[in-house]
Amino acid sequence: MTTITFFMEEDRITGFDSVGHSGYAEEGSDIVCAGITSAIRLVDATINDVLGLAASVKVREEETTISFRLPGGLSPEAEFTCQSLLTGLMVYFTELKDEFPDNIEVLEEE
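Scope of this entry: the structure provided in the associated data block. (Residues numbered from 1 in each chain as written. Predicted model: local features only at pLDDT ≥ 70, side-chain atom pairs only at ≥ 80, totals over all residues. Heavy atoms only, no water.)

### Topic: the packing of aromatic side chains
In total, this model carries five aromatic pairs according to the counting rule given. Note on F6 and F93: the rings are 6.3 Å apart at their centroids and 45° apart in plane angle, and the pair reads as tilted. Placement of the pair is F6 in strand β1 (residues 2–9) and F93 in helix α2 (residues 76–99), with a sequence separation of 87 residues. For the pair formed by F6 and F93, the shared burial category is buried. Plain terms: the ring middles of Y24 and F100 are 5.2 Å apart, the flat faces sit at 80° to each other, and that makes the pair edge-to-face. With Y24 in the loop between β2 (12–19) and α1 (31–50) and F100 in the loop between α2 and β5 (104–109), the pair connects residues that are 76 residues apart, well separated along the chain. Exposure remark for F100: the relative accessible area of 13% places this residue in the buried category. (Phe/Tyr/Trp six-rings, centres within 6.5 Å; stacked < 30°, edge-to-face > 60°. Helix = DSSP H or I, 4+ residues; strand = E, 2+ residues; numbered from the N terminus. Buried < 20%, exposed > 50% of the residue type's maximum accessible area, 1.4 Å probe, protein only.)

Rendered as structure tokens:
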């Protein structure tokens, strides 16, 4: 199962960790893992490459872990954009969990 934990400071999402293989199918054929990875890569590319905000992204393939953290000191516009992207990611993962409840878990942690 993949567990995705969103880290919160009040209503602000500061980042997330994605841990584990979903177990829906073998690696390379797993549509749940592919959906998770694609969504994370889209948010990473938008925040880091398009907006140029230098969020921290750590990938540990041997542990099947991706950690993402927003930088501090964002402008109000950048903060709004990042929160919109991360909230959309959380909604997407929650909907994926509804469809594949044995393969993905979505948590929030203060």
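So much for the structure itself; the text now carries on.
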